[in-house]
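# Inside the fold
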Amino acid sequence: MTVRRFHVEGIVQGVGFRPFVYRTAAALGLDGWVANVNGHVEGEIAGSARAIQEFAARLRTDAPALARVRRVRLTGGERQSPYVTGFQVRQSAPGESDEAPREIPPDAAICDACLSELHDLHDRRYRYPFINCTDCGPRATIIEGLPYDRIRTTMRRFPMCAACTAEYADPGDRRFHAEPVACPVCGPRLAWEELRGEEALRAAVKTIDGGGIVALKGLGGYQLVCDARDPAVVAELRRRKCRPAKPFAVMVGDIQAAARLAQIGTAERRALTSPERPVVLLGSRRWRGRAAPLAPEVHPGLTRVGLFLPTTGLHHLLLDELDRPLVVTSGNLSDEPIAIEDQEAQGALATVADGFLTHDRPIRSRYDDSVVQFTGRTRITVRRARGLAPAPLPLAVLQPVAGAGAQLKHTFTLAADGRAHIGPHTGDLADLTTYEAFTASYEHLKELTGIEPAVLAHDLHPGYLSTQWAEAQALRRIPVQHHHAHVAACAAEHGVRGRFLGVAYDGLGLGDDGTLWGGEILVADRCGYRRVGRFATAPLPGGDAAVRHPSRTALGHLLGGETLGSPRPYPWLTRPFTDRLDPAEVSAVRAMIARDVNCPRASSAGRLFDTAAALLGLADRVSYEGEAAVLLEAAAGEEHAVPLAHRVVRAQGLWVYDSAPTLTDLLLRRLDGEPVARLAAAFHLTLAIVTAELVAQAVAEGAPRTVCLGGGCFVNRRLLTEVRRRLRAQGLRVLAGGQVPVGDGGISYGQAAVAAARLAGEG
């Protein structure tokens, strides 16, 4: 008789792994036991050597759908079996093993089996909003500690009834050791003021049906819900939430409803119906001659819409009753973190919601909705949150490290033992509330994973709250340049070893020379980089204020753009633009540029997008970062265009894109009556051609032929598609972030990758 100890690492808790081990052992006639130990699964198995090897193989190949098995180890050998015939699922044993970081299962959307029960009149969980099993339900949002057992989740306050206890203990049941298992008798209950259960749900349905706004307690935080067809209520939600233009996500009942609203390819369909249930950005269907099924206020001026399917039984019940698309957006005021505490939500959302559909299951961790989009079959992650985070990603790291992230679209990263855990999307670190949400989330994930970083990587910018937080920690710190972090994140995700060519296009980041960068070509590896190309610089009148005023950025380019041998646009060309602006503002900006007062210069691709949008009359002021670029992409649509004039020159040892000819040509062609859509398309095409030229010059001088793209500008599908096509035509290998957010949400992963590489180099 052979008795072996087995140890399984990965996402193996909260995903039905112990029941799976039980069934596998029983099928092979093996004896022994299994238990959760810290964040892993361990046990002993007794039987023939051949059966045990088959058992270990099946642990790797046949694991539950939500599991991610990283490593299976067998130890021990021939000895007398101490077991009576049979196999047991034992109580978890915290603290017995702590040799590898623990992995936390993300939340999973309601599965088909639970959905069937939800609608089954004869099932005891008929219309129960909190229905779940080992294949679905809350995970990361309710976990308080590991090993993952009910007593270490927010479900501990709900003792199971006899029926749930029987299911929980039955190896043949789908809810065998499903920790959030509950039913109407013993589980959480809906509430609407003094109403409970079905009456509470009916009150919420009535409010939404009557044109009201409901604050709903979801998986990872409160959500604001209203009728997506009603222009008046969507406009009112914008007013109350202080979100004048940023698009809202829309939830629909099923994939057929989604297909009526948007164009859905194979990859998009797979993402929409996946357990992660992210918001997927899709091309809207055109409704010429018919009333559009969504209010224009849902995504004003845009041709793409963010859709997602229900994540919980509660969402399904709402959609069943209302039978219409619903706006489902973050339960917060603009720039604040999503609310998770009941009292916090009642205070923060009192002036936004007409009523609260809540429940008595606490939310332990804040997780907003994830957002993805596709270019062909390639996924681009815009926001990594519920359903995706904090599932680990590979990262070559020997000593534990952390990345503190940037300022906008903030995340942090904890990494050890070959894996990196990107924390949930926090938002913009603009105020104390958001900062506190970040620090609380960091401490909790550090405790859950067991990762105690030896080194903390952070951005160069001293004004970032993430940098200031890092400087206050009693850890060795490694500063990482912003754009190096962008391209290092892409390289690390794709396992690029050695040198590569990085193209980093974003809004702003502090360069190592103390100036603001944003349109950069770098020859890099994960340890360091050399700048070989950039965009021409222009002043940002008013500094940070220019980010919300594209017209100011445009004036900066027109009046003070870097002189590289091309004349700036002539005054008679710029007059149609300046004449529609406030003369006092134009005069003030002109004086600021002339005197170089509060006009930091930036080589920013993002700010050049802002400039083009302003010159074409699409955006003089914006309410969120990237809005002007989004409007410019929407204006381009599917238009074909002739590129604008452009010029790449050698200056100060770098290849530099001289944008003055491009802006002059843009203004000339607009004055000649060329449509805005065609000029917007021409601008995108021009930047892709310029990128190909900058890269070609770098490759001709010996740069590597693997190109990593990074930075928020590559959320722009048109730019990404055209850049990738042109670089591949040069025979280059072109990579972009897929699992890691391509924008600032991926900065922390890139920082961790750089820190890990530098530590490895020291070793």
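Let us look at the structure shown here.

Parameters and conventions
- Residues numbered from 1 in each chain as written.
- Predicted model: local features only at pLDDT ≥ 70, side-chain atom pairs only at ≥ 80, totals over all residues.
- Heavy atoms only, no water.
- Buried < 20%, exposed > 50% of the residue type's maximum accessible area, 1.4 Å probe, protein only.
- Helix = DSSP H or I, 4+ residues; strand = E, 2+ residues; numbered from the N terminus.
- Pairing = 2+ DSSP bridges.
- Axes fitted to C-alpha atoms, helices over the stretch in contact; angles between N-to-C directions.
- Parallel < 35°, antiparallel > 145°, perpendicular 65-115°, else oblique.
- Contact = heavy atoms within 4.5 Å.
- Nonpolar A, V, L, I, M, F, W, Y, C, P; charged D, E, K, R; others polar.
- Core = buried A, V, L, I, M, F, W, Y, C linked by side-chain atoms within 4.5 Å.
- Left-handed = near helix turned anticlockwise from the far one by under 90°.
- Phe/Tyr/Trp six-rings, centres within 6.5 Å; stacked < 30°, edge-to-face > 60°.
- Lys NZ or Arg CZ within 6 Å of the ring centre and 35° of its normal.

### Side note on the pairing of strand β21 (residues 419-422)
Alternating residues of β21 divide into Arg419 and His421 and Ala420 and Ile422, and every residue in both groups is buried. Sheet analysis places strand β18 (residues 393-394) next to β21, joined by two bridges and oriented antiparallel. For proline 394, the partnering residue across the bridge sits in β21 and is arginine 419. Pairing of strand β20 (residues 413-416) with β21, which is carried by four bridges, proceeds in the antiparallel orientation. The residue bridging leucine 414 from the neighbouring strand is histidine 421, located in β21. In this antiparallel pair of consecutive strands, β20 and β21, the connection spans two residues, and aspartate 417 shows a positive phi of 55°.

### Points about unusual backbone geometry
In this chain, leucine 146 is followed by proline 147 through a cis amide linkage whose omega measures 5°. Secondary-structure assignment places proline 147 in the loop between α3 (112-118) and α4 (162-169). The peptide bond linking alanine 389 to proline 390 adopts the cis configuration, its omega dihedral lying at 0°. Here proline 390 is to be found in the loop between β17 (378-383) and β18. The residue arginine 127 is not glycine, and still its phi comes out positive at about 60°. Here arginine 127 shows up in the loop between α3 and α4. One non-glycine residue, glutamate 193, lies in positive phi territory at about 55°.

### Points about the packing of helix α13 (residues 482-493) against helix α22 (residues 747-762)
It is at 7 Å that the axes of α13 and α22 come closest, and there the two elements cross at 80°. The pairing of α13 with α22 is recorded here as roughly perpendicular in orientation. Judged by residue contacts, His482, His484, Ala485, His486, Ala488, Ala489, Ala492 and Glu493 of α13 engage Ile747, Tyr749, Gly750, Gln751, Ala753, Val754 and Arg758 from α22. Taken together, the residues of the contact of α13 with α22 break down into eight nonpolar, five polar and two charged.

### Observations concerning the nonpolar core
The nonpolar side chains of soluble globular proteins are, as a tendency, buried together. Residues Leu501, Tyr505, Leu694, Leu709, Phe714 and Leu727 are the most contacted members of the largest nonpolar core, which totals 70 residues. A total of 14 residues in this core trace back to one element, the largest contributor, which is helix α20 (residues 676-700). With near-sequence residues (within four places) excluded, leucine 709 lies in contact with Cys490, Val503, Phe714, Leu720, Val723, Leu727, Val734, Leu735, Ala736, Gly737 and Val742. Membership of the second largest hydrophobic core comes to 58 residues, among which are Leu146, Ala182, Val214 and Leu317.

### Some points on the sheet that holds strand β1 (residues 2-11)
With respect to topology, five strands assemble into an open sheet ordered β4-β1-β3-β2-β5, the strand pairing being mixed. Unpaired on one side and paired on the other, β4 (68-75) and β5 (87-89) mark the two borders of the sheet. Strand-to-strand twist across the sheet, computed as the mean angle between neighbouring axes with direction ignored, equals 15°. Lying on the sheet, helix α1 (residues 17-27) is in contact with β1, β2 (31-37), β3 (40-47), β4 and β5; it crosses β5 at an angle near 175°. Relative to β4, helix α2 (residues 49-61) is tilted by about 160°, and along the sheet it contacts β1, β3 and β4.

### Here we look at the packing of helix α17 (residues 605-615) against helix α18 (residues 627-636)
Relative orientation of the contacting elements α17 and α18 amounts to 60°, with a least axis distance of 8 Å. By the angle class used here, α17 and α18 are oblique. Considering only the axes of α17 and α18, their crossing is left-handed. Across from Phe609, Asp610, Ala612 and Ala613 in α17, the residues of α18 making contact are Ala628, Ala629 and Leu632. Partitioned by chemical class, the residues of the contact of α17 with α18 number six nonpolar, no polar and one charged.

### Focus: the packing of aromatic side chains
All told, the structure shown has 15 aromatic pairs when counted by the stated rule. Both rings, one in tyrosine 128 and one in phenylalanine 130, keep their centres 5.6 Å apart while their planes meet at 70°; by these two values the pair is edge-to-face. The burial state of tyrosine 128 is the same as that of phenylalanine 130; both residues are buried. Within the aromatic cluster, the residues linked to one another by ring pairs are Phe412, Tyr435, Phe438, Tyr442 and Trp469. The lysine or arginine in question, arginine 238, covers the ring of phenylalanine 248, its NZ or CZ lying 4.1 Å from the ring centre. Directly above the aromatic system of tryptophan 517 lies the positively charged group of arginine 531, at a separation of 3.9 Å from the ring centroid.

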